[in-house]
Amino acid sequence: MHEELLDASCSPACQAEYDALPDDAARLCYLKRHRRRLVDELHRQQEKLSCLDYMIFELEQRGKGRDIV
C-alpha cells in the first residue's frame, strides 16, 4: 500500500498517519479526504490553465490582426 500512497502524492508523514488509523473505515475516510484535496488542487490548476489559454488565444488573434471583443 505504501507504493500507492507515494503515487497518490502522500508524504511520509501522510503515510504514517494512514498507518496509525485504527481500521479500514478510518482509512477509507482518510483516503477520500486526501482525494478531495487533490481534486480541489486540480480545479485550481485548471483555472490557471484556462487563464493562460485565453491569454494565448488573445495574443494569437492579435497577431492575425483580429480584435478581441
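What counts and how
- Residues numbered from 1 in each chain as written.
- Predicted model: local features only at pLDDT ≥ 70, side-chain atom pairs only at ≥ 80, totals over all residues.
- Heavy atoms only, no water.
- Axes fitted to C-alpha atoms, helices over the stretch in contact; angles between N-to-C directions.
- Helix = DSSP H or I, 4+ residues; strand = E, 2+ residues; numbered from the N terminus.
- Parallel < 35°, antiparallel > 145°, perpendicular 65-115°, else oblique.
- Contact = heavy atoms within 4.5 Å.
- Polar contact = N/O pair within 3.5 Å; in protein donor to acceptor, adjacent residues only side chain to side chain.

Draft legend 1. Representation of the packing of helix α2 (residues 12-20) against helix α3 (residues 24-63). Relative orientation of the contacting elements α2 and α3 amounts to 150 degrees, with a least axis distance of 9 Å. Judged on the interaxial angle alone, α3 and α2 are roughly antiparallel. In this structure, α2 contributes C14, E17, Y18 and D19 to the contact, and α3 contributes R27, Y30 and L31.

Draft legend 2. Here's a closer look at the side chain of R27. Mapped onto the elements, R27 comes out in helix α3. Side-chain polar atoms of R27 contact the side chain of D24, separated by 3.0 Å. Leave out the neighbours within four places in its chain, and R27 touches Y18, D19, L21 and P22.

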